[in-house]
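Listed below are the residues making up each chain.
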Amino acid sequence: MEEWLRSMAVGLAVLTGLVIPAQGLRLESSALKTPQAVLVTAELSGGLSPAARDYLLAGNTLTLRWVATWGDRSVSASRSITYHAWDRVFAVADSQGTVLETADQSRALTEWQTWPPTKLGTREALSSALATTLTVAVSLPSEQESLWGYQKVSLSLRYRTWAEIPQ
Amino acid sequence: MKYFLVLAVLTAGSALLPAQSGDSPQIAYRILMNYIQEQERHAGDSKAAAGVLYGLGAVVGAGALGLWYLGDDLSKSSAGTALDPDVKLWTTVGLGAGGAVLLGTGFLVRNAKPTDYRLRFSDVLQATDAETQNLLAAASLWALADEAKGKRLTSAWTGILTPLVTTAAMIALNLGTNKPWTDNLVAVNSSQVFGIIGGVAQLYKPSDEEYLYLKYQAALGNTVP
């Protein structure tokens, strides 16, 4: 019965995603510098489209896949959110394990949609990439793409000098 | 000059912009850099906006021409009588003026020189000291917000006051020609309704640049209205 309900929820979510594309998906990203390295950080808003919300609250897991590419350097990460309906708790996890468990939906969503500063490379390794496009993209796994109406979210950043990168 | 005045005040110890050590996050600079990147990404949007304005202007202008040349025939076929000549004239004038304003605005938007944001904020971008860079960025955020607020209010009041001016002119014309003062007031303001709606909306909705400064204040822990 539970499996059937979950299948129904997934089916409905896919249909809704096809009919009503996600609104207000917005990505903000920035490169940051430390004395040794260049980091990349990003924040998504609007990731919990109505279809994604139904899918999540049915007890499924939503995964965000982050990729940043600058020159020949590329870093990726994933971050998942799961709703444990029985305990009414949201769990956010990355590749290392659970990073947050909370009943506060807003806090869980913020944590899920934030890509914490991640090392892209050293200044030496990235020196040839300056003035070229730094691309940051976030996506759902292919089987969940319909939850955003098959929209792709990516952003191009351009820094011409090290001084232009905030710390 | 404005930036330097603000910077001088801020460095003198304003509570709004506490001094930061060399290693602390450059909050203001991060927000400003994101703003610059965003503006560069949307640099081509003005062409689309101009296209929309041209389209609207053409539709409103076509409405004016249609009313002038076909209005009587259409009125006769639907209501059996020709249009009141005065109403026809002033509605045509109202629509024609609105169409001309939209086309003119579209032309200005289409041909506006694109802003080089990196040049505009070159003092910030080229600062080598992190603390100075952040203070300059904070000053730039304040200046951006102040400038955007000025433009927003000017645009809002222009939208709201223009129909008042045309209304006053129409009343004066009516009284000067011994007609009832209310004659053709609606007709001459046919295309002003969007200006009023847009103007009132602009009065209450802060611009993106103003939001950025509020975001910066919030990041500093200051009370945001």
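Residues numbered from 1 in each chain as written. Chains lettered and ligands numbered in written order. Predicted model: local features only at pLDDT ≥ 70, side-chain atom pairs only at ≥ 80, totals over all residues. Heavy atoms only, no water.

With that out of the way, let us pick up the sheet that holds strand β4 (residues 73–84) of chain A. Residue and element names in this part refer to chain A. Sheet architecture is open: six strands sit in the order β6-β5-β4-β3-β8-β9, paired in antiparallel fashion. Looking along the sheet, the strands with just one partner apiece sit at the ends: β6 (97–102) and β9 (153–158). Within the sheet, the average angular offset between the axes of one strand and its neighbour, ignoring direction, is 15°. Summarising the sheet, strand β3 (residues 61–70) and β4 pair through 10 bridges and their orientation is antiparallel. If you follow Leu-62 over to β4, its bridge partner there is Ile-81. (Pairing = 2+ DSSP bridges. Helix = DSSP H or I, 4+ residues; strand = E, 2+ residues; numbered from the N terminus. Axes fitted to C-alpha atoms, helices over the stretch in contact; angles between N-to-C directions.)

At the interface, 16 residues of chain A touch 18 residues of chain B. A salt bridge links Glu-28 of chain A to Lys-215 of chain B; its shortest N-O distance comes to 3.3 Å. Inspection of the region where chain A meets chain B yields 11 residue pairs in polar contact (both at pLDDT 80 or more). When contributions to the side of chain A that touches chain B are tallied by element, the ones reaching two or more residues are β1 (26–33) and β9 of chain A. Looking at which element gives the most residues to the side of chain A that touches chain B, the answer is β1 of chain A, with five residues. In terms of residue class, the side of chain A that touches chain B is made up of seven nonpolar, four polar and five charged. (Contact = heavy atoms within 4.5 Å. Salt bridge = Lys/Arg side-chain N within 4 Å of Asp/Glu carboxyl O. Polar contact = N/O pair within 3.5 Å; in protein donor to acceptor, adjacent residues only side chain to side chain. Nonpolar A, V, L, I, M, F, W, Y, C, P; charged D, E, K, R; others polar.)

What follows is about the sheet that holds strand β7 (residues 114–122) of chain A. Residue and element names in this part refer to chain A. Read across the open sheet, the three strands follow the order β1-β2-β7; overall the sheet is antiparallel. Across the chains shown, the open sheet's two edge strands, defined by having one partner strand only, are β1 and β7. Between one strand and the next, the sheet's axes are offset by a mean angle of 20°, whatever the strand orientation. Bridging between β1 and strand β2 (residues 37–45) involves eight bridges; their strand directions are antiparallel. Along β2, the bridge assignment pairs Lys-33 with Val-38.

With that settled, consider the confidence of the model for chain B. Any residue range with low pLDDT should be treated as having predicted coordinates unsuitable for detailed reading. Residues and elements named next belong to chain B. Summary statistics for chain B give a mean pLDDT of 85 and a share of 90% for residues scoring 70 or more. Ignoring residues within four places in sequence, the model shows residues 3–21, a span with pLDDT below 50, making 29 contacts including any to other chains. Scored as a complex, the prediction yields pTM 0.71 and ipTM 0.70. (pLDDT = per-residue confidence, 0-100.)

Residues and elements named next belong to chain A. With respect to the helices, strands and loops of the structure, Lys-33 is situated in strand β1. We note that Lys-33 is buried and unpaired, the nearest opposite charge coming from Glu-164 at a distance of 9.9 Å. A polar side-chain atom of Lys-33 sits 3.0 Å from the main-chain carbonyl oxygen of Trp-162. Polar side-chain contacts of Lys-33 include one of 3.0 Å to the backbone oxygen of Ile-165. Other than its neighbours up to four places away in sequence, Lys-33 contacts Arg-123, Trp-162, Ala-163, Ile-165, Pro-166 and Gln-167. (Buried < 20%, exposed > 50% of the residue type's maximum accessible area, 1.4 Å probe, protein only. Lys, Arg positive; Asp, Glu negative; His and termini not counted.)

Time to look at unusual backbone geometry. Residues and elements named next belong to chain A. Its identity as a non-glycine residue notwithstanding, Ala-131 has a phi of 75°, on the positive side. By the secondary structure assignment, Ala-131 is in the loop between α4 (123–126) and β8 (133–139). Phi is positive for Tyr-150, close to 60°, though the residue is something other than glycine. Structurally, Tyr-150 can be placed in the loop between β8 and β9. Given a relative accessible area of 46%, Tyr-150 falls into the partly exposed group.

The next point concerns the packing of helix α7 (residues 130–176) of chain B against helix α9 (residues 193–204) of chain B. When two helices pack together, their arrangement is captured by the angle between the axes and the distance separating the axes. Residues and elements named next belong to chain B. At a closest axis distance of 8 Å, the pairing of α7 and α9 adopts a crossing angle of 145°. Considering only the axes of α7 and α9, their crossing is left-handed. Residues Arg-152, Leu-153, Ser-155, Ala-156, Trp-157, Gly-159, Ile-160 and Pro-163 of α7 touch α9, and the partners they reach there are Gly-195, Ile-196, Gly-199, Val-200, Gln-202, Leu-203 and Tyr-204. Here the residues of the contact of α7 with α9 are counted per class, giving nine nonpolar, five polar and one charged. (Left-handed = near helix turned anticlockwise from the far one by under 90°.)

Glancing now at the packing of helix α2 (residues 27–41) of chain B against α7 of chain B. All names here are of chain B. The geometry of α2 relative to α7 is characterised by a closest axis approach of 7 Å and an angle of 55° between their N-to-C directions. Of the possible angle classes, the one that applies to α2 and α7 is oblique. In the packing of α2 onto α7, the handedness of the crossing is left-handed. On the side of α2, the interface is formed by Ile-27, Ala-28, Tyr-29, Ile-31, Leu-32 and Tyr-35, while α7 contributes Gln-133, Asn-134, Ala-137, Ala-138, Ser-140, Leu-141 and Leu-144. Tallied by class, residues from the contact of α2 with α7 come to 10 nonpolar, three polar and no charged. (Parallel < 35°, antiparallel > 145°, perpendicular 65-115°, else oblique.)

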